[in-house]
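Topology and contacts: notes
Residues per chain are reported as follows:
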Amino acid sequence: MTTATTRPTAVTGAVGTAHTRVEGRDKVTGAARYAGEIPFADLAHGWLVLSTVARGRILSVDTASVLGMPGVLAVLHHGNAPRLDVDYVGMLGVPPDPTAAVFQNDRVPHAGWPVALVVAETPEQAREAAEALVVTYEEEPHDIGFHAGRPDAHPVDGHMPGVTEKGDLEAGFAASAHVVDAEYTTPEEHHAMMEPHAATALWDGGRLEVVDSNQGTTWVVDELVRMFQLEPSAVRVRSEHVGGGFGSKGVRAHQVSAVMAATLLQRPVRVVLTRRQMFSLTGHRSPTTQRVRLGADADGRLRALDHRSLSRTSTVWEFVEPSAGVARVMYDADAHRTANEVVRLDVPSPTWMRAPGEAPGSFALEAALDELAERCGVDPVELRLRNDPDRGPVSGLPFAGRDVAACFREGARRFGWAERDPRPGVRREGRWLLGTGTAAASFPAGALPSTAAVTAEADGTFTVRIAAADIGTGARTALTLVAADALRVEPDRVRVRIGDSDFGPAGIAGGSMGTRSWAWAVTAAVEKLRERLVPGVPVPPEGITARSDTTAAVAGLAQKERHSFGAQFAEVAVDVTTGEVRVRRMLGIFSAGRIVNPLTARGQLVGGMVWGISMALHEEAVRDGASGGLYGPDLAGYHVATHADVPVVEADWLEGTPDPDDPVGIKGVGEIGIVGAAAAIANAVWHATGVRHRHLPIRPDRVLGAGGPRV
């Protein structure tokens, strides 16, 4: 078992000390321009027309009357749009989502499918014409019914194997003194970031330029090059400021349709999605239904573990929400089986969403662990400590630092867990029942190959160029600090330029890999630059530039289980008369490797925990069986946690166990904060009321409908 210590109070160098965002003033004063705000001469505006049926075929698109409306320049649809290539595997190792390959045939696979793009001189003219466009359909019966036991469910390999198994499950359960067998469900959830998706496309001297809001310019270039069959050098993508992404800002219909229209009209075309359009076009987290079976001996040590997850995908793209994957890291047993299955339905394609798999999977697994603790009569923290493995349960690889036990011990101490009465429903303040809960958290710590360039300028400053994406995480600031330390200069002598594919390929802002991948490339470039700088010799006017490519280094990293870990704690109050659940306080203690900037890192962790509150109590997208569309696809109908719902939320971290094979030491904090948060809240609701809630969100009607709190 590895150990960890609390982080030191004295830190040397820029890395590890709190710094405000280097672009913070620009953002709060409006100087920072986002994709939909950058001006272009002769700019035209596109507006997408979405299908009103959930399944069928387009019979006709009546463009004649619309083309005569004021300002309308063109109407693109399946009858006149350029043909795209979608028969490839992209840089993320998966085929492209065909939802982005718009206007390729007359089929409609779900409500809200793009069927046309109206382009006009102004966005108002484009919208008016789009709303007037008449599209006639041949409607077909659709199926959006998602539930456990569907005969057409099947396992799928996504970014991990669909099924893993070892040992004899049934024998393990038969030999167990305690068994938990329960079904847990999570609903459809949406990213709903502050900045909508927007893209402007134009041709400049035979080169395609796209200015958009994305999570990786290299990613977008790769997809556009393949779809439009262009040379990589013929495409440039820029994305300077991004107002949130959470997995959804890859290649979507708005970028592709903008490129089509710009090619047709030979002038810049911008397409901006409305909030309601985002609910159909930019992906979501699939609902899940998960069956978790746990078998343990009398002391609570696991003998059998079976975690099976079913998620929903579209008929045009097989994307899996790998919720059972969390069990492959967190807990071991002699008999161990996990399976990620999908069912194809007439719905929009799901996609990556903050902590894909881990967020819903940790709810089911950690809630089941809590139920097992109750059955065994063992404290929930102690049960997790007894089942803390020293090697990967499925991979068999050693952990490059596994500080789960240290996180629980420190968290329990600071949360006051020792004073907890384990009996449910005994703490009360007036009409409020009080309870506390806990859960474990984990998220992979990966790295993607990246390139970077660092230039020593003649004026004594340094310029870093890397195609990174700052999606609100503070990447600019983190890379400034990393570069400053590597250069052994003050941060104010470093300028970091990001978000331009011309800087060379780099990994995406996703999977909590961004800062880790980019910092590696920047550090490597600085090392090369230092070799070229001669003390006492002035830098020439053009500067001295060194470049790096970490492809070989990333591939050569020793094989280990690398993850961020954490322990979540929550206290809730439940109103016995209304069923309202209020989270009073939360504490998360994490082990996430080297923390570059404590200020922005804490913001990421707290943000994830707040999203956990939202996941546990609020978020739920509901589809209408008759239309196949969503009820209330906007931020009025789709509820998220607001300031009134967010209590004292505290996040902190341990120094962690260093990995001698890892030259970076960064593990990532972007997603670990949401993992386990909803489970900790659900477990606290049980402790408050004595009633288990296995279906999210825990709405007041569900609290009362379950028979109400046991009072």
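Okay, so let's go over this structure. (Residues numbered from 1 in each chain as written. Predicted model: local features only at pLDDT ≥ 70, side-chain atom pairs only at ≥ 80, totals over all residues. Heavy atoms only, no water.)

Some thoughts on the overall build of the protein
Put simply, the rule is: Secondary structure elements are taken from DSSP: a helix is a run of H or I of four residues or more, a strand is a run of E of two residues or more, and numbering for both begins at the N terminus. Values of the radius of gyration come from C-alpha atoms, whereas the globule rule sets the reference at 2.2 Å times the count of residues to the power 0.38. In this scheme, a residue with accessible area under 20% of its type's maximum is buried, one over 50% is exposed, and one in between is partly exposed, where area comes from a 1.4 Å probe on protein chains only. What makes two residues a contact is simply this: any of their non-hydrogen atoms within 4.5 Å. For accessible areas, the Shrake-Rupley method is used with a probe of radius 1.4 Å. Any residue's cover is judged against the shown protein chains and nothing else.
Across its full length, the protein carries 17 helices and 25 strands. Taking 2.2 N^0.38 as the reference for a compact globule, 711 residues should give roughly 27 Å; the C-alpha atoms of the protein span a radius of gyration of 26 Å, in line with that estimate. Along the first, second and third principal axes, the C-alpha set of the protein runs to 75 × 75 × 50 Å. A buried classification covers 60% of the 711 residues belonging to the protein. Once local pairs closer than 6 in sequence are excluded, the contacts in the protein between residues at least 24 apart make up 82%. In the structure as shown, the protein presents an accessible area of about 26,400 Å², 51% of it carried by carbon and sulfur atoms.

Quick notes on the sheet that holds strand β4 (residues 107-108)
The condition that has to hold: Any two strands with at least two DSSP-identified bridges between them are counted as paired.
Strand order in the open sheet formed by three strands is β4-β2-β6, and the pairing between neighbours is antiparallel. At either margin of the open sheet sits one strand with a lone partner, and together these are β4 and β6 (134-139). Both strand β2 (residues 56-62) and β4 contribute to a ladder of two bridges, which runs antiparallel. Among the inter-strand pairings, G56 is bridged to a residue of β4, identified as V108.

A few points about the pairing of strand β23 (residues 563-575)
The element β23 is largely enclosed, with a buried count of 13 among its 13 residues. Here β23 shows no split at all, with H563, F565, A567, F569, E571, A573 and D575 on one side and S564, G566, Q568, A570, V572 and V574 on the other all buried. Pairing analysis gives 13 bridges linking strand β18 (residues 432-444) to β23, with the strands arranged antiparallel. Counterpart to A440 in the pairing with β23 is A567. Bridge analysis of β23 against strand β24 (residues 581-591) gives ten bridges, and the strand direction is antiparallel. The residue bridging Q568 from the neighbouring strand is G588, located in β24. Counting the residues that bridge the hairpin from β23 to β24 gives five residues, and of these G579 lies at a positive phi of roughly 80°.

A short note on the side chain of R293
Secondary-structure assignment places R293 in strand β14 (residues 288-296). Judged by its relative accessible area of 10%, R293 is buried. Those residues in contact with R293, other than ones at most four positions away along the chain, are L169, E170, F173, V180, D181, A304, L305, D306 and R308.

Description of the pattern of salt bridges
The test is simple: Any carboxyl oxygen of Asp or Glu that lies within 4 Å of a side-chain nitrogen of Lys or Arg is treated as forming a salt bridge with it.
This structure, assessed with the given rule, holds 57 salt bridges. We note a salt bridge from D143 to R150, for which the minimum N-O separation is 2.9 Å. A relative accessible area of 31% places D143 in the partly exposed class. On the accessibility criterion, R150 (14% relative accessible area) is buried. R285 serves as the salt-bridge partner of E321, at 3.1 Å between the closest nitrogen and oxygen. Residue E321 is located in the loop between β15 (302-314) and α8 (327-330), and its partner R285 is located in the loop between α7 (275-281) and β14; the two are separated by 36 residues in the primary sequence.

A look at unusual backbone geometry
In this structure, the amide linkage connecting L696 to the following residue, P697, adopts the cis form with an omega of -5°. The phi torsion at D42 lies on the positive side, around 60°, for a residue other than glycine. Position of D42 relative to the elements: it lies in the loop between α1 (24-29) and β1 (44-50). The phi dihedral of R488 falls on the positive side, at around 65°, and the residue is not glycine. The topology assignment puts R488 in the loop between α12 (475-487) and β21 (494-497). Given a relative accessible area of 66%, R488 falls into the exposed group.

Some details on the nonpolar core
Just so we agree on the cut-off: Within this scheme, the nonpolar core is defined by two criteria: the residues are buried Ala, Val, Leu, Ile, Met, Phe, Trp, Tyr or Cys, and they are joined through side-chain atoms within 4.5 Å.
In terms of nonpolar packing, the biggest core is built from 89 residues, with Y184, L294, L365, F569, V572, M586 and I681 touching the most fellow members. Tallying contributions element by element places helix α9 (residues 358-376) first for this core, with ten residues. Excluding anything up to four places from it in sequence, F569 contacts V381, F408, G411, A412, F415, W417, G437, T438, R585, M586 and L587. Counting 43 residues, the second largest nonpolar core, distinct from the first, contains V15, I471, V482 and V522.

Details of the sheet that holds strand β25 (residues 648-653)
Selection criterion: Throughout, an axis means a line fitted to C-alpha atoms (over the contacting stretch in the case of helices), and angles, computed between N-to-C directions, take values from 0 to 180 degrees.
As summarised here, the arrangement of the five strands in space is β17-β18-β23-β24-β25, forming an open sheet in which the pairing is mixed. Each edge of the open sheet carries a strand with a single partner, namely β17 (427-429) and β25. Averaged over neighbouring strand pairs, the angle between their axes works out to 25° when direction is ignored. Of the strand pairs in this sheet, β17 and β18 are connected by three bridges, and their pairing is antiparallel. Its bridge partner being in β18, R427 is matched across the sheet by L434. With respect to the sheet, helix α11 (residues 404-415) is in contact with β18, β23, β24 and β25, its orientation differing from that of β23 by roughly 30°.

Concerning the packing of aromatic side chains
Formally: Only rings of Phe, Tyr and Trp enter the pairing, Trp through its six-membered ring, and a pair is recorded when the two centres are within 6.5 Å. The plane angle decides the type: under 30 degrees is stacked, over 60 is edge-to-face, the rest tilted.
Under the criterion given, the structure shown has nine aromatic pairs. Between W317 and F319 the ring centres are 5.4 Å apart and the planes differ by 45°, which places this aromatic pair in the tilted class. Of the two residues, W317 and F319, neither departs from the other in class, the shared state being buried. Ring plane angle 70° and centroid distance 5.7 Å describe the contact between W417 and F569, whose orientation is recorded as edge-to-face. Residue W417 is located in the loop between α11 and β17, and its partner F569 is located in strand β23; the two are separated by 152 residues in the primary sequence. Judged by relative accessible area, F569 falls into the buried class, the value being 0%. A connected cluster of aromatic rings, assembled from ring pairs, spans F408, F415, W417 and F569.

What about the environment of N80?
What counts here: N or O atoms within 3.5 Å of each other form a polar contact, as long as, within protein, one can give a hydrogen and the other can take it, and as long as residues adjacent in sequence are counted only when both atoms are side-chain atoms.
Mapping N80 onto the fold places it in the loop between β3 (72-77) and β4. N80 sits in the partly exposed class, given a relative accessible area of 41%. With 23 residues separating them in the primary sequence, N80 and F103 have C-alpha atoms 8.3 Å apart. One polar contact links the side chain of N80 to the main-chain amide nitrogen of H77, over a distance of 2.9 Å.

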